[in-house]
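# Observations on chain architecture
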Amino acid sequence: MFDPKHPPQNLDDIRALMAELPKADETAREAVIAREPHLTKPEGSLGRLEEISLWLAEWQGNPRPRASRPRVTIFAGSHGVCDQGVSAFPASVNQQMVENFINGGAAINQICKAVDAELRVMEVALEIPTNDFSREAAMLDEDCAEAMAFGMSAVETGLDVFVPGEMGIGNTTAAAAISHALFGGTPEDWTGRGTGIDDSTLALKTRVVGDAVILHRNQMRDGLDVLRCVGGREIAAMAGAILAARLQRVPVVLDGYVSCAAAAILHHIRHDALDHCLVGHLSSEPGHRNLVEKLGKKPLLDFNMRLGEGSGAALTLPLLRAAAACHNDMATFETAHVSKREED
Ligand SMILES: O=C(O)c1ccc[n+]([C@@H]2O[C@H](COP(=O)([O-])O)[C@@H](O)[C@H]2O)c1
Ligand SMILES: Cc1cc2nc[nH]c2cc1C
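Computed from a predicted structure; not experimentally measured. (Residues numbered from 1 in each chain as written. Chains lettered and ligands numbered in written order. Predicted model: local features only at pLDDT ≥ 70, side-chain atom pairs only at ≥ 80, totals over all residues.)

This part is about the UniProt feature "active site" (unreviewed entry) in the protein chain. The UniProt feature table records "active site" (unreviewed entry) at E309. For E309, the position within the fold is in the loop between α13 (287-294) and α14 (311-314). For E309, a count of 28 C-beta atoms within 10 Å corresponds to the buried category. The residues touching E309, leaving out its near neighbours within four places in the chain, are I74, A106, A107, I108, G165 and M167. (UniProt positions renumbered as here; feature names shortened; annotations may be inferred. Helix = DSSP H or I, 4+ residues; strand = E, 2+ residues; numbered from the N terminus. Buried ≥ 20, exposed ≤ 12 C-beta atoms within 10 Å, placed from the backbone. Contact = placed C-beta atoms within 7 Å.)

On to the site of ligand 1. Ligand 1 sits among 24 residues. The nearest are S87, G194, G256, S283 and G308. A total of three residues in the shell around ligand 1 trace back to one element, the largest contributor, which is helix α7 (residues 171-183). For the shell around ligand 1, the per-class residue count stands at seven nonpolar, twelve polar and five charged. (Near = placed C-beta within 6 Å. Nonpolar A, V, L, I, M, F, W, Y, C, P; charged D, E, K, R; others polar.)

Core analysis: the largest hydrophobic core is formed by 104 residues, its most contacted members being I178, A239 and I242. Among the elements that make up this core, the one with the highest residue count is helix α11 (residues 233-247) (eleven residues). For I242, the contacting residues outside a window of four places in its chain are P164, V252, A262, A263, L266 and C277. (Core = buried A, V, L, I, M, F, W, Y, C linked by C-beta atoms within 7 Å.)

Interaxial distance between α7 and helix α9 (residues 199-216) falls to 9 Å at its minimum, and their mutual angle equals 45°. Considered as vectors, α7 and α9 are oriented oblique to each other. Every pair of crossing elements has a handedness; the one defined by α7 and α9 is right-handed. Here T173, A176, A177, H180 and A181 of α7 lie close against α9, whose contacting residues are K205, V208, V209, A212 and V213. Of the residues contributing to the contact of α7 with α9, the split by class is seven nonpolar, two polar and one charged. (Axes fitted to C-alpha atoms, helices over the stretch in contact; angles between N-to-C directions. Parallel < 35°, antiparallel > 145°, perpendicular 65-115°, else oblique. Left-handed = near helix turned anticlockwise from the far one by under 90°.)

Attention now goes to the site of ligand 2. Residues in close proximity to ligand 2 include F89, V93, M97, M167, T195, L307, G308 and E309, which together make up its full environment. Its residues assigned to classes, the shell around ligand 2 comprises five nonpolar, two polar and one charged.

The next subject is the environment of G151. Note on placement: G151 falls in helix α6 (residues 141-152). A C-alpha to C-alpha distance of 7.4 Å links G151 and A239, two positions 88 residues apart in sequence. Once residues within four sequence positions are removed from consideration, G151 is found in contact with F75, A236, A237, M238, A239, G240 and A241.

To continue, consider the pairing of strand β3 (residues 161-167). Counting buried residues along β3, seven of its seven residues qualify, which places the element largely inside the surrounding structure. Taking every second residue as pointing to the same face, both faces of β3 are buried, with V161, V163, G165 and M167 on one and F162, P164 and E166 on the other.

Shown next, in the form of structure tokens:
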């Protein structure tokens, strides 16, 4: 059993937690399926809104789905692999953007205000970059577990929805290395321009991703080894938060490439580990399309965004609210005296 007072100390503790994941609540699921045909609309006419209300209800364990208390948490971390020159921006932007989040000046601040979501920022040892994974493992086992445990503390029972967001210059290199290590293919399949690198930097970044996966291949036996070797602390924190959400029955909306790479770690260990997650949007970082396909997910929005910060996922929160409101509050054919369809 997960006890927030006794956080995991090492990656084997996380492996043990993953052996006992709660399943969707059958009673809530059946109640939603039973109510849906009575609502004053042709069956199926609300399309994916119907999937969303069912998904919220079955993970919340409540026949009346809710999305009124969503939380977005941005995890910020620093990456040693930036020493290889893989990003268009300097690593100093991490701390500057954290201040911007706190002062309310970033895109995610405006989106959270617009969609009425709580926003939190958590620095994951931001002042200490991880090791450069082109040379050695990014983290030690206990460091990686500590970052995951920190991420787990971001989620508590009773939240309606959780959105893990991130800020970490260099983290699309980590996301590409994680994806390549987990799903194979070529480094080119997974490496993109991130914040906007030029052609020669893209060639270098692709080489860094390919070489890192070769360097660590004998150490990477499961997803958590991949996270430790080529991940980063904010990615570990997101993976921890996604796991904690599952253990506490909080539905999760995933964001772009980096958020989905964190989720992919869990998926690789158990294919059902992301059943409580939706993918909010399709990032324009090209590897994201491959990744969501491997996760068996269909993003809700395709808005050509590649910001991170949880921004694409946060934009979907009004859709979740609309789905819950329709399911909970629509009149039924019986109460509204609307005629049902003719019998076939
Ligand atoms: O989420 C995405 O799909 C995404 C795609 C490209 C860039 N980002 C953001 O940009 C930063 C990483 O880009 P880079 O080029 O420094 O690896 C990091 O702070 C991410 O939040 C995020
Ligand atoms: C300015 C800036 C803002 C970001 N937000 C998420 N990643 C980012 C990367 C940069 C460079």
